[in-house]
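Per-entry structural report
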Amino acid sequence: MEEPVQSSESQIHPNETAQKYKETSFSPIQYVLFPRKGGWSAFPYPDIAALLAAEGAVYYVSHLERLNDLPAAITLISLPEAGALLQHPRTVAVVAHPYWLTAVASIRPNLLITLLPEPAQEEADSPLWESCVSKLVGISDLVCTSSETRYMKLVFQGVRTVWLGGEDSTPTGMMQKDELEIPLRDYEMLFLHALKQILSSAADTVTQLQCKLRADYYRKLRSKTGAHETISFLLAAYEYILEDSRAATTVQEAFVHAITCGRSDCVQSHYRFLSAIQARAGEVEHALQVYGTTAASDQERHHYEQLCRWLEAGEHQLVQAELLRLNDDYGTALKVLDELGGETARHWKFRIFQETGRVEEALKLVHAADIVDQASQQDYRQLSGTALALRGERHGAVKLFLESALDDEHALARIVEMELLEQAIQQLLGEVP
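Note that the structure is a prediction, hence the values are computed from the model and not measured.

This next bit is on the overall build of the protein. Check the secondary structure of the protein and you find 22 helices and 9 strands. Partitioning the intrachain contacts of the protein with sequence separation of at least 6 by distance along the chain shows that 57% fall at a separation of at least 24. Taken as a whole, the protein presents about 20,600 Å² of accessible surface, with 51% of it coming from carbon and sulfur.

Okay, structure coming up:
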């Protein structure tokens, strides 16, 4: 496998960066912020909001008539006004809390940026939080997070994403605004480039660039600390994303160090990742052997035996895609399935879309011939109900969930979830404490 070519953008001098951004700047645009509760002081990314305000008009959605701490450059608007505004071209929804999910999805904005906040304690413990995050990510054009763990998960899903963090707080570039030069940190520069790309429908180059920067960081850190179960593993993950041939050696280094430190779960947590590295490199048989070594539970052993049968039947790409999926690399697995094509690939793509919250895409893959028994009819009703809820068609969604509840009472949880989101939106708007 070839080493990745180093991006020239990572070598840009700060003054050159400022000039480049000025030259490629886009026309003014409108941004509608959907905040978390607590007023402007609770907005999770005020620095990003300031960058948006430097680029165009920014609006803040609230039921309140005024917010004393709201910056002068940002205009307060109601939810109905936000819905009308987002029907205009070159207007972007910027969602800063996942509980806005159905409210924003039903508006169907042309572009949607999600600024994922860190959850409050009661939110982190709620299954509603992750459910909404998953579906919101599934309809977003760009997702930003301050959590590197979340960032890596999103990259593995194939999501266009920016990590809003880093160890170096010194400016690495400049942004020209009228007669002013605004200093920018590296992640702010990356965010602006990602924003420019989604506005112009350009291909994503930012993810690879940021992953290269993170790989460089962990490589330097490892040179100081030596082999380390966490540092080496994170480096291996970034090398894997970059298709760097050193990834296999690095993850084995992490595994060995984890063993010497007495980690009892490192076969699954560290060594199994080698199966993804080998599968992505096309070494499917070796990858399957590694997965088999790590298969501990009865379910995993059964899955391994099934994969062996597929491989014996010549289904190399299907086994490759499934090994990638089992390592959470949904993005690459989908690419393999796209190349494979056919009915089998369609079924496995459907499963991935379900697992990653891409409801509408999953629904498009369902054929009438798939709905042949009670279980498949039940799944289809619940998936359709979820899609209707996201479209804002509450009555139709409730009807389908109630029909599903006749055979599975757990479907009632979907109606409860809709009620909880409506209550949450009232809190986010400031209507109730």
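From this point, things continue past the structure.
Counting residues in each nonpolar core, the largest one holds 88 residues, and the members touching the most others are Phe-34, Trp-100 and Tyr-240. With 7 residues, helix H10 (residues 229-241) is the largest single contributor of residues to this core. Excluding its chain neighbours within four sequence positions, the residues that come into contact with Phe-34 are Val-61, Leu-79, Ala-82, Leu-86, Ala-93, Val-94, Val-95, Ala-96, His-97, Trp-100, Val-104 and Ile-107. Of all hydrophobic cores here, the second largest spans 39 residues; its members include Val-92, Ala-96, Leu-192 and Val-206.

Their axes nearest at 8 Å, the elements helix H15 (residues 298-312) and helix H16 (residues 316-326) cross at an angle of 155°. One finds that H15 runs roughly antiparallel with respect to H16. The interaxial crossing formed by H15 with H16 has left-handed handedness. Here His-303, Leu-307, Trp-310 and Leu-311 of H15 lie close against H16, whose contacting residues are His-316, Leu-318, Val-319, Glu-322, Leu-323, Arg-325 and Leu-326. Its residues assigned to classes, the contact of H15 with H16 shows 7 nonpolar, 2 polar and 2 charged.

Tallied over the full model, the rule gives 28 salt bridges. Two residues, Glu-148 and Arg-214, come together in a salt bridge whose shortest N-O distance is 3.1 Å. Residue Glu-148 is located in helix H7 (residues 148-157), and its partner Arg-214 is located in helix H9 (residues 206-225); the two are separated by 66 residues in the primary sequence. The class of Arg-214 is buried, set by a relative accessible area of 5%. Salt-bridge contacts for Arg-263 lead to Glu-229; the nearest nitrogen and oxygen are separated by 2.6 Å. Residue Arg-263 is found in the loop between helix H11 (247-260) and helix H12 (266-271), and its partner Glu-229 is found in helix H10; the two are separated by 34 residues along the sequence. Judged by its relative accessible area of 31%, Arg-263 falls in the partly exposed class. Overlapping salt bridges bring together Lys-212, Asp-216, Arg-219, Glu-239, Asp-244 and Arg-246 as one network.

Bringing helix H13 (residues 273-280) into the picture now. Each α-helix turn comprises 3.6 residues. Residues three or four places apart therefore point the same way. The buried fraction of H13 is high, at 7 of 8 residues. Within the sequence span of H13, burial applies to Phe-273, Leu-274, Ser-275, Ala-276, Ile-277, Gln-278 and Ala-279. Buried residues along H13 sit in contact with H7, H10, H11, H12, helix H14 (284-294) and H16. Just downstream of H13 lies Gly-282, where phi reads positive at about 90°.

What follows is about H10. Across its 13 residues, H10 extends 18 Å between first and last C-alpha, which sits within 8% of the 18 Å expected from 1.5 Å per residue. Of the positions making up H10, those classed as buried are Glu-229, Ile-231, Ser-232, Leu-235, Ala-236, Ala-237, Tyr-238, Glu-239, Tyr-240 and Ile-241. Against the buried residues of H10 lie H7, H9, H11, H12, H13 and H16. Phi for Glu-243, located one or two positions after H10, is positive at around 55°.

On to the environment of Asn-68, then. Here Asn-68 lies in the loop between strand E2 (57-61) and strand E3 (74-77). Judged by its relative accessible area of 66%, Asn-68 falls in the exposed class. A sequence separation of 197 residues divides Asn-68 from Asp-265, and the C-alpha atoms of the two residues are 51 Å apart. Separated by 3.0 Å, the side chains of Asn-68 and Arg-66 make a polar contact.

Right, let's get into the packing of aromatic side chains. Per the stated rule, a full pass over the model turns up 12 aromatic pairs. The interplanar angle of 25° and the centroid separation of 5.6 Å between the aromatic rings of Phe-156 and Tyr-240 together place this pair among those described as stacked. Taken together, the residues span a long stretch of sequence, with Phe-156 in helix H7 and Tyr-240 in helix H10 at a distance of 84 residues. Taking the ring centre of Tyr-240 as reference, the NZ or CZ of Arg-280 above it sits at 5.0 Å.

It is worth spelling out the state of the cysteines at this point. Put plainly, two cysteines are in a disulfide when a covalent bond ties their sulfur atoms together. Applying the stated criterion across every chain, the model contains 0 disulfides. Cysteine Cys-211 is unpaired, with the sulfur of Cys-144 as its nearest cysteine sulfur at 14 Å. Take Cys-261: it sits in no disulfide, and the sulfur closest to it among the cysteines is that of Cys-266, at 9.4 Å.

One open sheet holds the 7 strands; their spatial order is E3-E2-E1-E4-E5-E6-E7, and the pairing between them is parallel. Each edge of the open sheet carries a strand with a single partner, namely E3 and strand E7 (161-163). Neighbour-to-neighbour, the strand axes of the sheet open up by a mean angle of 20°, direction not taken into account. Where strand E4 (residues 91-95) meets strand E5 (residues 111-116), 4 bridges bridge the pair, whose relative direction is parallel. Paired with Val-94 across the strands is Ile-113, a residue of E5. The sheet strands contacting helix H2 (residues 46-55) are strand E1 (30-34), E2, E4 and E5, and the helix crosses E1 at an angle near 155°.

Cut-offs applied
Residues numbered from 1 in each chain as written. Predicted model: local features only at pLDDT ≥ 70, side-chain atom pairs only at ≥ 80, totals over all residues. Heavy atoms only, no water. Helix = DSSP H or I, 4+ residues; strand = E, 2+ residues; numbered from the N terminus. Contact = heavy atoms within 4.5 Å. Areas by Shrake-Rupley, 256 points an atom, 1.4 Å probe, with all protein chains shown as cover. Core = buried A, V, L, I, M, F, W, Y, C linked by side-chain atoms within 4.5 Å. Buried < 20%, exposed > 50% of the residue type's maximum accessible area, 1.4 Å probe, protein only. Axes fitted to C-alpha atoms, helices over the stretch in contact; angles between N-to-C directions. Parallel < 35°, antiparallel > 145°, perpendicular 65-115°, else oblique. Left-handed = near helix turned anticlockwise from the far one by under 90°. Nonpolar A, V, L, I, M, F, W, Y, C, P; charged D, E, K, R; others polar. Salt bridge = Lys/Arg side-chain N within 4 Å of Asp/Glu carboxyl O. Expected span 1.5 Å × (residues − 1). Polar contact = N/O pair within 3.5 Å; in protein donor to acceptor, adjacent residues only side chain to side chain. Phe/Tyr/Trp six-rings, centres within 6.5 Å; stacked < 30°, edge-to-face > 60°. Lys NZ or Arg CZ within 6 Å of the ring centre and 35° of its normal. Disulfide = S-S within 2.5 Å. Pairing = 2+ DSSP bridges.

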